[in-house]
Amino acid sequence: MNYPWHLYFMAAIYIGAGFMHFAKPEMYMRILPGYLPGHKFLVNFSGFAEIVLGIALCFTPTKDFAIYLIIAMLTFFLPAHLHMLFDKRAAMGLPKWILIWRIPLQFALMYWAYWYLRI
């Protein structure tokens, strides 16, 4: 359990983001595409998953499995980011450049997680 500080920083980001799903669920429901059923369930489930995976990153027996699941989770989040880019209401008033920037950011986050498989 002696990992670099930035792995714990990444874990804290996911844990914090997960708690935000419960603190501001309306914000997360708004960015989900309409074709997805059960917005409230999806927001709660993804929030719970982020918290659990963030914690799992901190322990040797679960770290690698958590990394694979984080990469999968970030892949599943891509439709929400695309929906924000093309739907004005879902964009929440964010500038277009930020919405565009969020797409490659997802891939950067995937790579960041993948990088820790070597530790």
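Located above this text is the structure these notes cover.
We now turn to the structure provided with this report. (Residues numbered from 1 in each chain as written. Predicted model: local features only at pLDDT ≥ 70, side-chain atom pairs only at ≥ 80, totals over all residues. Heavy atoms only, no water.)

**A closer look at the layout of surface pockets**
By volume, the largest pocket amounts to about 890 Å³. Mapped by element, the contributors of at least two residues to the lining of the largest pocket are α1 (5-23), α2 (25-31), α3 (39-56), α4 (60-86) and α5 (96-115). With 10 residues, the top contributor of residues to the lining of the largest pocket is α4. When grouped by side-chain class, the residues that make up the lining of the largest pocket number 25 nonpolar, four polar and two charged. (1 Å grid on protein atoms, 1.4 Å probe; cavity = no way out; pocket = protein on both sides within 12 Å on 5 of 7 lines; lining within 4 Å. Points joined across faces, edges and corners; volume = space filled by probe spheres on them. Helix = DSSP H or I, 4+ residues; strand = E, 2+ residues; numbered from the N terminus. Nonpolar A, V, L, I, M, F, W, Y, C, P; charged D, E, K, R; others polar.)

**Comments concerning the side chain of serine 46**
In this fold, serine 46 is placed in helix α3. Take serine 46: its relative accessible area is 11%, and that puts it in the buried class. Only 2.9 Å separates the side chain of serine 46 from the backbone oxygen of leucine 42, close enough to count as a polar contact. For serine 46, the residues in contact, after removing those within four places along its chain, are His21 and Phe77. (Buried < 20%, exposed > 50% of the residue type's maximum accessible area, 1.4 Å probe, protein only. Polar contact = N/O pair within 3.5 Å; in protein donor to acceptor, adjacent residues only side chain to side chain. Contact = heavy atoms within 4.5 Å.)

**What about the packing of aromatic side chains?**
One pass over the structure, following the stated rule, counts six aromatic pairs. Aromatic pair tyrosine 3 and tyrosine 8: ring centres 6.3 Å apart, planes at 45°, arrangement tilted. The interplanar angle of 80° and the centroid separation of 5.1 Å between the aromatic rings of tryptophan 115 and tyrosine 116 together place this pair among those described as edge-to-face. The buried category is assigned to tyrosine 116, whose relative accessible area is 0%. Taken together, the ring pairs in this structure connect Trp5, Phe9, Trp112, Trp115 and Tyr116 into an aromatic cluster. (Phe/Tyr/Trp six-rings, centres within 6.5 Å; stacked < 30°, edge-to-face > 60°.)

Remember, this is a structural readout, not a statement about activity or role.
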